[in-house]
Amino acid sequence: RTADGLWGLMTLKGKVKVKPRFKELDFFHEGMARVQMANEDGEGFGLIHTDGELLTEDLYAKVVVQIGEGVAFLSEKEEDGAEYVGMINAYGKLIL
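Residues numbered from 1 in each chain as written. Predicted model: local features only at pLDDT ≥ 70, side-chain atom pairs only at ≥ 80, totals over all residues. Heavy atoms only, no water.

1. Some details on the nonpolar core
(1) Moving on: Among the nonpolar cores identified, the biggest contains eight residues, and these are Leu-9, Val-18, Phe-22, Leu-25, Ala-33, Val-35, Met-37 and Ile-48.
(2) Moving on: Elements with a minimum of two residues in this core: β2 (16–25) and β3 (32–37).
(3) Moving on: Listed in part, the six residues of the second largest apolar core include Met-32, Leu-47, Leu-55 and Leu-74. (Core = buried A, V, L, I, M, F, W, Y, C linked by side-chain atoms within 4.5 Å. Buried < 20%, exposed > 50% of the residue type's maximum accessible area, 1.4 Å probe, protein only. Helix = DSSP H or I, 4+ residues; strand = E, 2+ residues; numbered from the N terminus.)

2. Some points on the side chain of Asn-89
(1) Moving on: In this structure, Asn-89 sits in strand β7 (residues 83–89).
(2) Moving on: Assessed through its relative accessible area of 16%, Asn-89 is described here as buried.
(3) Moving on: Within the local environment of Asn-89, its side chain forms a polar contact with the backbone nitrogen of Tyr-91, the two atoms lying 2.9 Å apart.
(4) Moving on: Of note is the side chain of Asn-89, whose polar atom sits 3.0 Å from the backbone nitrogen of Lys-93.
(5) Moving on: Those residues in contact with Asn-89, other than ones at most four positions away along the chain, are Leu-55, Gly-70, Val-71 and Ile-95. (Polar contact = N/O pair within 3.5 Å; in protein donor to acceptor, adjacent residues only side chain to side chain. Contact = heavy atoms within 4.5 Å.)

Note that all results are geometric; they support no functional claim without further evidence.
Have a look at this one:
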C-alpha cells in the first residue's frame, strides 16, 4: 500500500509486479481478486488475475462475492434504482 492509499502487487522478494492503482484489493481466490479501481479506468469494482490484468471488461457497482469453480457474483445498480445481479466466469464472460 502506498502513502496515497493505493494497492498494487509485489513478489515476496519485493519486486513490483503490478503498480499501485487499486483503491481496494482483496485476497486472491482461484487466481482472481476483487478490486476497486481508483484511476483513469474508473471508480467501480472488477476482478483481476494475479498478473494485474483486469478480468472484467466493464466496471460494476459491486462485485458481491467470489465463489468456487472460477465464478463470481456481481451486481450493478441502475440510476432508476433497479439492481441487477449476475455471475461472471474466470475468463471475464458474463454467464448469468
